[in-house]
Amino acid sequence: MSLPQQVKIVEVGPRDGLQNEKEFVPTATKIELINRLSAAGFRNVEAASFVSPKWVPQMADGADVMTGIERRAGTIYSVLTPNLRGFEGALAARADEIVIFGAASEAFSQKNINCSIAESIERFAPVAAAAKQHGLRIRGSVSCALGCPYQGEVPVASVLDVVKRFAALGCDEIDIADTIGVGTPKRTREVFEAVTEVFPREHLSGHFHDTYGQALANIYAALLEGIEIFHASVAGLGGCPYAKGATGNVATEDVLYLMNGLGIETGIDLAQVVEIGDFISNAIGRANVSRAGKALLAKARSEANTCV
Ligand code: HMG
Ligand code: MG
């Protein structure tokens, strides 16, 4: 299969990236981050979560974040909704897309959302129905699709099972998520090969954490399977509160550098994203882990010094 000519990059830094920060990130910083990202050309930004603040305190200000941001026409602002209460918050906050998040591993489902996979699907059913009724897009995220921190290996059949259940709920898009970044390209291709048999390829996305340094290779493997949507987090922000030791998502700057090199259109300005990566890393006092981001910043600074 030939590589796609264009891809959609979903920026998940404001949610997946920041949710794991110990110190509360001020609402104004979250708002500035999202505004700068949409100005850089992202068509889809995962902006907040409407989850229990007892479970993820960092996301407690989702409503204020959504009220404070400037909505860029054509940009989809997504929020996580684990239950109807979350959905009501998302609706009031005028989210464009809700994300229901389940897992392909029973153990992770219990740790992350305190219920079994089957119970989670029951809980998501009224959420999905309400989203349809109000004309909101629905995305389903399948955690641990390439491995689980508690259970280890996850059979492809378990991934397929959740994908089919999400499809039956009417999901517009489904994420295949490597929550702990253990996947390798061979497994990535096997999983996407199977999943594309049961859900349209063009509505599947790859959500790769980079714990084992495999995320870019996995993205390339997914491109070879015809996948056209990828999630990334500026400066490589993140980790998962319920997957100890897992690092952030693959850095957006690195993904854009890869896509630019492959001649694949993203519609996003890499130079602007490099600046945003620098901004948010400084704002929260965290090391920027984007390789391309750091290299391009160093290059820009040395060129600026040479010019004066
Ligand atoms: P629970 O404790 O079983 O449920 O949590 P509960 O109904 O007893 O609720 C507990 C408390 O939270 C109650 O408050 C509720 O009112 C409140 P209390 O009565 O004790 O004062 N509550 C809420 N508050 C605000 N908004 C809500 C809400 N719901 C309940 N929506 C629950 C079950 C699902 C709520 C909980 O487990 C939860 O919120 N989990 C979220 C975990 C999470 O956000 N994890 C990170 C995101 S997933 C992820 O990162 C993976 C992903 O990136 C893909 C990948 O990489 O794999 C997407
Ligand atoms: Mg994630």
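Here, the structure is the one placed above.
These lines cover the structure that appears in this document, whether it is placed above or below. Computed from a prediction, not measured in an experiment: that's the story for all the values here.

What to know about the sheet that holds strand E6 (residues 173–178)
Argument step 1. If you trace the eight strands once around the closed barrel, you get E1-E2-E3-E4-E5-E6-E7-E8, paired in parallel fashion. Within this sheet the neighbouring strands show an average axis-to-axis angle of 25°, counted without direction.
Argument step 2. Across five bridges, strand E2 (residues 44–49) lies against strand E3 (residues 76–80) in parallel orientation. Bridge pairing links Ala48 to Val79 in E3.
Argument step 3. Sitting on the sheet, helix H2 (residues 27–39) is in contact with strand E1 (8–11), E2 and E3, with an inclination near 165° to E2.

Overview of the environment of His209
Argument step 1. Along the chain, His209 turns up in the loop between strand E7 (204–208) and helix H9 (215–224).
Argument step 2. With a relative accessible area of 4%, His209 lands in the buried category.
Argument step 3. Excluding residues within four positions of it along the chain, His209 makes contact with Asp16, Asp178, Thr179, Gly181, Ala215, Thr247, Gly248, Asn249 and Val250.
Argument step 4. Here His207 takes part through its side chain, which lies 3.2 Å from a polar atom of the side chain of His209.

Focus on helix H5 (residues 106–113)
A turn of α-helix holds 3.6 residues, and therefore any two residues three or four places apart point the same way.
Argument step 1. Those residues of H5 that fall on the buried side of the exposure criterion are Phe108, Ser109, Asn112 and Ile113. Relative to the axis of H5, the buried residues are bounded by an arc of 105° and lie together on one face.
Argument step 2. Positioned one or two residues after H5, Asn114 has a phi angle of 60°, which is positive.

Digging into the site of ligand 1
Argument step 1. The local shell around ligand 1 holds 26 residues, among which Lys54, Arg85, Asn114, Ser143 and Thr179 are the closest.
Argument step 2. A distance of 2.5 Å separates an oxygen atom of ligand 1 from a polar atom in the side chain of Lys54.
Argument step 3. Residue Asn114 places a side-chain N or O atom 2.7 Å away from an oxygen atom belonging to ligand 1.
Argument step 4. In the complex, 76% of the free accessible area of ligand 1, which totals 1100 Å², lies under the protein chains.

A closer look at the coordination of the magnesium ion (ligand 2)
Argument step 1. Around the magnesium ion (ligand 2), the protein contributes the donor atoms Asp16 (OD), His207 (NE2) and His209 (NE2), which lie 2.1 to 2.3 Å from the metal centre.
Argument step 2. Summarised as a motif, the one-chain spacing of the donors to the magnesium ion (ligand 2) is D-x190-H-x1-H. Placement of Asp16 in helix H1 (residues 13–17) and of His207 in strand E7 is noted, with a sequence separation of 191 residues between them. The same class applies to Asp16 and to His207, which are both buried.

Quick look at the environment of Met1
Argument step 1. In this structure, Met1 sits in the segment before E1.
Argument step 2. Judged by relative accessible area, Met1 falls into the exposed class, the value being 62%.
Argument step 3. Here the alpha-carbon distance between Met1 and Gly226, two residues 225 residues apart in the chain, equals 6.8 Å.
Argument step 4. Excluding its chain neighbours within four sequence positions, the residues that come into contact with Met1 are Arg201, Leu224, Glu225 and Gly226.

Conventions and cut-offs
Residues numbered from 1 in each chain as written. Chains lettered and ligands numbered in written order. Predicted model: local features only at pLDDT ≥ 70, side-chain atom pairs only at ≥ 80, totals over all residues. Heavy atoms only, no water. Pairing = 2+ DSSP bridges. Helix = DSSP H or I, 4+ residues; strand = E, 2+ residues; numbered from the N terminus. Axes fitted to C-alpha atoms, helices over the stretch in contact; angles between N-to-C directions. Contact = heavy atoms within 4.5 Å. Buried < 20%, exposed > 50% of the residue type's maximum accessible area, 1.4 Å probe, protein only. Polar contact = N/O pair within 3.5 Å; in protein donor to acceptor, adjacent residues only side chain to side chain. Arc of directions from axis to C-beta. Near = heavy atom within 4 Å. Areas by Shrake-Rupley, 256 points an atom, 1.4 Å probe, with all protein chains shown as cover. Donors = N, O, S within 2.8 Å, 3.2 Å for Na, K, Ca; no water.

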